[in-house]
Amino acid sequence: MPVGKSALQAIAVAWARSQGYTVLGACGSESESRLPFASLHQLLRPVLARARSGSVMMITSVPREAVSGVATPTMKAAVCARYGPPENLRVREVPRPSPKPDEVCVRIRASAVTASDIFIRSARVTARLQVPFRLMMGLLGPRHPIIGFVFSGVVDEVGAAATRFRVGDEVYGCTGFRLGAYAEYRCMVESDSRLHGCLALKPRTLSHEQATAAAYGGLLALQYVDKGAIGPGDEVLVYGASGTSGTLAVQYARSLGARVTGVCSAKNVDLVRSLGADEVLDYTAVDAPPAGVRYALVLDSVGGLKSSRLKVACRRAVAPGGRYVSIDDGDLELSSRRLEQVARLVDAGTLSPVLGATFALDDIVSAHRAVQDGHKRGGVAVTIG
Ligand SMILES: NC(=O)c1ccc[n+]([C@@H]2O[C@H](COP(=O)([O-])OP(=O)(O)OC[C@H]3O[C@@H](n4cnc5c(N)ncnc54)[C@H](OP(=O)(O)O)[C@@H]3O)[C@@H](O)[C@H]2O)c1
């Protein structure tokens, strides 16, 4: 149901919800004009009549041509209208965005399903964080219901003032706070910000699916390993060495000349060793690092929610002057320069992202089930188009 952004829109949203419809938020371009009340009324009547036969209603700003009857182009997207289990994700046709002058439109080929997506879909945060989380992300469901944070694809259209990319460029990146990567198209501003995300040319040697693991894991691994300021010969321990970021953190620390100990469970020991770890500790079998070893950097690459006796002991094994860094400390920097660095390291053969599983977009529910138990190997990707 297209309407202008105004109090009327809020009323329409409230009414639609009260009638049991799932309401999708604004998906159209921001540059659209508002509709006068008379046109709105005229527009609503037939659309409401049609919408009653379905279960989803879309409330969005709309371009003028919609009033004149020209069909808005659509795309396929996975939409999360309400917080909850993976089954709350539905694949739908939604309006397709078109780029503003400073944007490029990316035809997305693959998206990552990440720990961050699980967090947003489920709103599973501590009681203390529920209110701030919902104020920021949306009260009953994500304010931007097409979720997904990481993507890889091809530039499909370039805005008049955009200069960094050309049609046909293969790119990868993160969407920023407005999410939207679980879709066939996503418009991206060319400059970096927490709101608008970051975008760079994708590693040439990777598939789009692998590139999503490189984007998410690479941004995390490089940012947090660099906090340790490590150098040749330093002892580094990567706790959670089998996840998307951990697998890349092991390789990156090795490339800086460090001697790396990876921590994972028994089923991932061979994987972590194959990534170049000098030592591997199984957190399900070992309670403490080897006596006397002190680490210049202990990197917790699984975050605060996952722990073990070994993790607690690793914290005490930091060398004087060394650092304990958690991947949950501070915000992930959405940096296209770092994405470019990741791409260079991948194409040079220094980093090789691990992709544990790939799903079709239509099977997004299974992809979320596979990630939410917290035991995936490397990254999980969804192929789109
Ligand atoms: N700072 C930020 O702004 C920011 C942004 C995004 C993400 N993050 C954080 O980054 C984290 C990393 O995500 P990721 O995708 O790289 O990894 P992940 O999916 O969280 O990690 C998966 C791996 O963790 C291992 N694991 C599970 N429980 C463990 C435990 N108790 N001890 C050790 N390993 C354990 C699993 O191996 P086994 O099956 O062998 O147990 C699995 O291979 C997220 O969870 C989030 O906390 C932070």
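Anyway, here's the lowdown on the structure attached to this text. Residue positions are given per chain, counting from 1 as you read along its sequence in written order. Selection of residues for local features in this predicted model requires a pLDDT of at least 70, selection of side-chain atom pairs for listing and counting requires 80 or more, and totals for whole chains, interfaces and linings are taken over all residues.

**Some details on the pairing of strand β11 (residues 259–264)**
Between the buried cut of 20 or more and the exposed cut of 12 or fewer other C-beta atoms within 10 Å of a residue's own C-beta lies the partly exposed class, and all C-beta atoms are placed from the backbone. Note on conventions: DSSP H or I runs of at least 4 residues are helices, E runs of at least 2 residues are strands, and numbering of each starts at the N terminus. Across the six residues that make up β11, a large majority, five, are buried. Relative to β11, strand β10 (residues 235–239) runs parallel, the two sharing five bridges. Looking across to β11, one finds that V236 is bridged to V260. In the classification by handedness, the crossover that spans β10, the intervening helix α7 (residues 244–255) and the parallel β11 is right-handed. Here, the term right-handed applies to a crossover whose path from the first strand over the helix to the second runs clockwise when the strands point away from the viewer. With respect to chirality, the unit in which β11 leads through helix α8 (residues 269–274) into the neighbouring parallel strand β12 (residues 279–282) is right-handed. Pairing between strands is defined by DSSP: at least two bridges between them are needed.

**As for the packing of helix α6 (residues 208–226) against helix α10 (residues 336–347)**
Working convention: axes come from line fits to C-alpha atoms, limited for helices to the stretch in contact. Angles between N-to-C directions cover 0 to 180 degrees. It is at 9 Å that the axes of α6 and α10 come closest, and there the two elements cross at 105°. Accordingly, the angle class assigned to the pair α6 and α10 is roughly perpendicular. When α6 is examined against α10, the residues A214, A215, G218, L219, L222 and Q223 are found in contact with a partner set consisting of R338, L339, Q341, V342 and V346. Residues are sorted three ways: Asp, Glu, Lys and Arg are charged, Ala, Val, Leu, Ile, Met, Phe, Trp, Tyr, Cys and Pro are nonpolar, and all the rest, Gly among them, are polar. Its residues assigned to classes, the contact of α6 with α10 comprises seven nonpolar, three polar and one charged. The labels follow the angle: roughly parallel below 35 degrees, roughly antiparallel above 145, roughly perpendicular from 65 to 115, and oblique for the rest. Two residues form a contact once the distance between their C-beta atoms, set from the backbone, is within 7 Å.

**Observations concerning the packing of α6 against α7**
Where α6 meets α7, the closest approach of the two axes is 8 Å, and the angle between their N-to-C directions is 55°. When the interaxial angle is binned, α6 and α7 end up oblique. Both α6 and α7 take part in a crossing whose hand is right-handed. In this structure, α6 contributes A213, Y216, G217, G218, L220, A221, L222 and V225 to the contact, and α7 contributes T244, S245, T247, L248, A249, Y252 and A253. Here the residues of the contact of α6 with α7 sort into ten nonpolar, five polar and no charged. Here a crossing is called left-handed whenever its near helix is offset anticlockwise from the far helix by less than a right angle, and right-handed whenever the offset is clockwise.

**Some thoughts on the site of the ligand**
Any residue qualifies as near a molecule or strand once its backbone-derived C-beta atom lies within 6 Å of it. For the ligand, the set of nearby residues contains 32 residues, the closest of which are G243, S245, S265, G303 and H375. Elements with a minimum of two residues in the shell around the ligand: α4 (115–122), α6, α7 and β11. It is α7 that provides the largest number of residues to the shell around the ligand, a total of three residues. The residue inventory of the shell around the ligand, partitioned by class, reads eight nonpolar, 18 polar and six charged. Note that domain bounds follow an automatic or database assignment of domains. The two domains that each donate at least three residues to the shell around the ligand are domain 2 (74–202 + 354–385) and domain 3 (216–326).

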